[in-house]
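The lines below spell out each chain.
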Amino acid sequence: MTSETGAAAAAGTANTHSSVETYYGDTLKESADLLTNACCTAARPAPQIAKAISNIHPDVIKKYYGCGFCVPDEVEVGCGAGRDVYIASQLVGEKGRVIGVDMTAEQLKVAKETQAYHAEKFGFDNVEFHEGLIEKLDDIDSLTDGSVDIIISNCVINLCPDKEAVLKSCHRLLKPGGELYFSDVYASRRVPQELREDEVLWGECLSGALYWNDFQNLAKQCGFKDPRLVEDAPITIENKKVQDKIEEMGHKNLEFYSATYRLFQLDCLEPHCEDYGQAVIYKGTIPRFESGWSLDDHHFMEKGKVFPVCGNTYNMLKETRFEKHFDFVGDWSTHYGIFDGCGTSMPFKSSIDGVSTKGGGGGGCC
C-alpha cells in the first residue's frame with residue numbers, strides 16, 4: 001500500500017465514522033425515525049428478557065436501534081443508549097460485570113444519565129460505559145486481553161469500516177472458551193461500491209453489511225475457526241423509496257438477512273467438522289431450557305438423549321461454560337472422516353422459503 005493509498009483509506013474510514021456518529025447522534029432521535037426495518041426487532045423476546053426490558057428507563061428504550069438481543073463478565077460493543085447493557089446487567093446479577101462501548105456521545109449520555117435510575121431499580125450497579133471506537137478496544141484501560149467471558153453486539157459491526165479490527169480485538173479480549181455472540185446484517189452477495197457510498201443506506205445497516213461468505217472467512221482469519229449460525233431472517237426493507245433506490249442502481253436481486261452468530265475463542269477447533277464418533281447428553285440444567293437446548297440452528301439437544309456431535313461441537317461444549325450441563329461420550333482415538341452435514345452453501349435457511357428461523361417472522365435484524 002502506498003502512502004497516498006493509505007491516506008485515502010484513513011480518510012474514508014474517518015468519514016464513515018463521522019457519518020455514522022451524525023446519523024445516530026443527530027439525525028435519529030428515536031427508533032421511530034429509522035427509514036427501514038433493518039435495525040428493528042421483529043421477534044418477541046423471551047419472558048425473562050421481556051421482564052428485564054420492563055425495568056429499563058423509557059429514554060433508553062426509545063433510542064434502541066438494535067437487531068436482536070445477544071446475551072459472567074460481559075462487554076457490549078456498540079452499546080448505544082444502553083438497552084442491552086441494562087438487560088445483561090440484570091441477567092449476570094450483582095456479582096457480574098457489564099461494560100458498554102459506543103462512539104456516539106449523544107447515545108452514551110442517555111446511558112450514563114439513567115445509570116443511577118437502573119442501579120436503584122435493580123438493587124445494584126454492575127455496569128460501566130466508555131466512549132470509543134469498537135475497532136480500537138485496546139484504547140480502553142479496563143479492557144485487558146483474555147479478561148471477558150462474553151462479548152455481545154447488536155447490529156453494529158456492519159456500521160464499522162474496519163470489521164477485521166473489530167473481530168481481532170474481540171478475539172484478543174475473550175478468555176479461552178469465551179464467545180462473541182452477536183446479531184448483525186449480512187448480504188447475499190458483495191454490496192456494490194455505489195451502495196456502500198450511500199450514507200443513508202450505511203446508517204440504516206444495509207450497505208455496510210458483509211457478504212455472508214466473506215464474513216465467515218474473515219471470522220476464521222481472526223481466530224474464530226468455526227462460526228456457528230444461531231438464527232436468521234430475511235430483511236424486508238419496507239420503505240419504497242429506499243427499495244427503489246437499490247433497484248434503480250441495478251441491484252434488485254441483492255438480498256439482506258439478519259442473523260445471530262456465536263464465535264468461540266477456542267484454539268482447538270478444526271477448519272471443518274470432523275467425526276470422532278463422539279456424542280453428548282444434555283442434563284437439562286440450563287435455566288429456562290430444562291427440556292432441551294440449542295447450541296445453534298442445527299444442534300437442538302433434548303434432555304437425556306444421546307446426541308452425536310462432531311469434534312468441534314464436542315469442544316464447544318466441553319471447553320466452555322457449558323461443560324457442567326453435559327455428559328460426554330467418546331474420545332479422540334479414532335477419526336471417521338468428515339461429519340455428515342458439514343457444508344459450504346449459504347447458511348441462511350430463510351433464504352430458501354423466506355421464513356424466519358427466529359420464531360417471530362421476518363423483518364429487522366433481531
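Above: the structure in question.
Read on for a plain summary of the structure.

Cut-offs and rules
- Residues numbered from 1 in each chain as written.
- Predicted model: local features only at pLDDT ≥ 70, side-chain atom pairs only at ≥ 80, totals over all residues.
- Heavy atoms only, no water.
- Buried < 20%, exposed > 50% of the residue type's maximum accessible area, 1.4 Å probe, protein only.
- Helix = DSSP H or I, 4+ residues; strand = E, 2+ residues; numbered from the N terminus.
- Pairing = 2+ DSSP bridges.
- Contact = heavy atoms within 4.5 Å.
- Axes fitted to C-alpha atoms, helices over the stretch in contact; angles between N-to-C directions.
- Salt bridge = Lys/Arg side-chain N within 4 Å of Asp/Glu carboxyl O.

### Considering the pairing of strand S7 (residues 228–234)
- Burial of S7 is extensive: six of the seven residues sit out of reach of the surface.
- Of the strand pairs in this sheet, S7 and strand S8 (residues 256–264) are connected by six bridges, and their pairing is antiparallel. Within the sheet, the bridge partner assigned to Ala233 lies in S8 and is Ser258.

### Focus: the side chain of His118
- Relative to the helices and strands, His118 resides in helix H6 (residues 115–122).
- Those residues in contact with His118 that sit more than four places away from it in its chain are Asn55, Ile56, His57, Val60, Tyr86, Gly123 and Phe124.

### Considerations on the sheet that holds strand S13 (residues 326–329)
- Strand order in the open sheet made by the three strands is S12-S9-S13, with antiparallel pairing throughout. With partners counted over all chains shown, the strands left at the sheet margins are strand S12 (306–309) and S13, one partner each. The average undirected angle you get between the axes of adjacent strands in this sheet is 30 degrees.
- As paired elements, strand S9 (residues 278–282) and S13 share four bridges and run antiparallel to each other. Residue Ile281 lies in a different strand from S13, and its bridge partner there is Asp327.

### A closer look at the pattern of salt bridges
- Across all of its chains, the model carries 16 salt bridges by this definition.
- Here Arg228 ties to Asp226 by a salt bridge, and the two come within 3.0 Å at their closest N and O atoms.
- Given the relative accessible area of 11%, Asp226 is considered buried.
- Note that Lys283 is salt-bridged to Asp327, the shortest N-O span being 3.9 Å. Of this pair, Lys283 sits in the loop between S9 and strand S10 (292–294) while Asp327 is found in strand S13, placing the two residues 44 residues apart along the sequence.
- A relative accessible area of 35% places Lys283 in the partly exposed class.
- Linked by salt bridges that have partners in common, Asp138, Asp145 and Arg172 make up one network.

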